[in-house]
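Here are the chains, one letter per residue:
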Amino acid sequence: MKKISFLISNLLVLTLLISCNNKKYTEVVDVPLPEVEQKTAIMGVPDDVKASEGSFQLEKLPYSYDALAPNISASTMDNHYSKHYLTYTNNLNKAIAGTPLENLTIEEVLAKLDPSVAEIKNNAGGYYNHSLYFKCLAPKAGGQPQDTLATTITKKFGSFDNFTTAFKDEATKQFGSGWVWLIVDRSGNLQITSTQNQDNPLMRNALVPGKPILALDLWEHAYYLDYQYKRKNYVDAFFNVINWKKVAENYEEALRK
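Here the structure is a predicted model, which means the values were calculated and not measured. (Residues numbered from 1 in each chain as written. Predicted model: local features only at pLDDT ≥ 70, side-chain atom pairs only at ≥ 80, totals over all residues. Heavy atoms only, no water.)

(A) Up close: the overall build of the chain. Looking only at helices and strands, the chain has 10 helices and 3 strands in total. Out of the 257 residues belonging to the chain, those deemed buried represent 42%. Split by element, the accessible area of the chain, about 14,600 Å² in all, is 55% carbon and sulfur. (Helix = DSSP H or I, 4+ residues; strand = E, 2+ residues; numbered from the N terminus. Buried < 20%, exposed > 50% of the residue type's maximum accessible area, 1.4 Å probe, protein only. Areas by Shrake-Rupley, 256 points an atom, 1.4 Å probe, with all protein chains shown as cover.)

Spelled out as structure tokens, the structure:
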């Protein structure tokens, strides 16, 4: 009986030790995640992001990474600007170094490049497309365009609501990665069009050529952290942060050229 009591006593002690150890283990790993503010605080700032030496540098982001939240999160903006955009810029500088394209403007590069040379086409498009996209966004924006652009949109599409529907429809039918554009075509008219991958309407292979004034990025890196597979929700949110003042400036510039 003494041996049995001893064994039972030892088993109870062992059970308590395991229970305590398990409790301690749980307490160690069950650490609350940092608040959103803490995550945002450890991010860099856009002005700290620099491309390698070359023909092109990043266009300055005129707002902080978190300025477009909740429509586009700080994490998405940081990843998009400081990773993807930076990579396209650096790769473009490498691809055109020592070529006749090296000292041209990005619009001239796009017009002159050979679309069959994927390295230059993809990176030149990636640089230009992202440069325009970021400038077409702003905090406390959205709404509707004003003045001349508003009048032109109404004349072309019947109403701003009709334009919005047509633009979103173009985004919905876009399969895979690509872009949706509002452009001024060669006749000076507004058109909605789309391109695959990093192509754009300034390239020689564009089905609908013209000068882009508004760009919507439909690559997954532009929205997946925020919306996962619900791309339609991202497209809706995009309209909450469109900088129509900048788009109107782009429109006036396109008409002058």
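(B) Molecular detail of unusual backbone geometry. Across the junction of Ala69 and Pro70, the peptide omega takes the value 5°, indicating a cis bond. Examined against the element boundaries, Pro70 turns out to sit in the loop between α2 (36-41) and α3 (74-96). One non-glycine residue, Asp147, lies in the positive phi region at around 55°. Relative to the helices and strands, Asp147 is located in helix α6 (residues 147-157). Residue class for Asp147 comes out exposed when judged on its relative accessible area of 65%.

(C) A look at α3. An ideal rise of 1.5 Å per residue puts 33 Å on 23 residues; α3 measures up with 32 Å between its terminal C-alpha atoms. Where α3 bends most, at His80, the angle is about 30°. Phi for Gly98, located one or two positions after α3, is positive at around 80°. (Expected span 1.5 Å × (residues − 1). Bend = angle between axes of the 7 residues up to and from the residue.)

(D) Structural context of the environment of Phe157. Turning to its location among the elements, Phe157 is positioned in helix α6. Sequence spacing of Phe157 and Gln191 is 34 residues, and the spatial spacing of their C-alpha atoms is 9.4 Å. Sequence-distant contacts of Phe157, defined by excluding residues within four places in its chain, comprise Asn162, Phe163, Leu182, Leu190 and Ile192. (Contact = heavy atoms within 4.5 Å.)

Everything listed is a geometric property; what it means functionally is a separate question.
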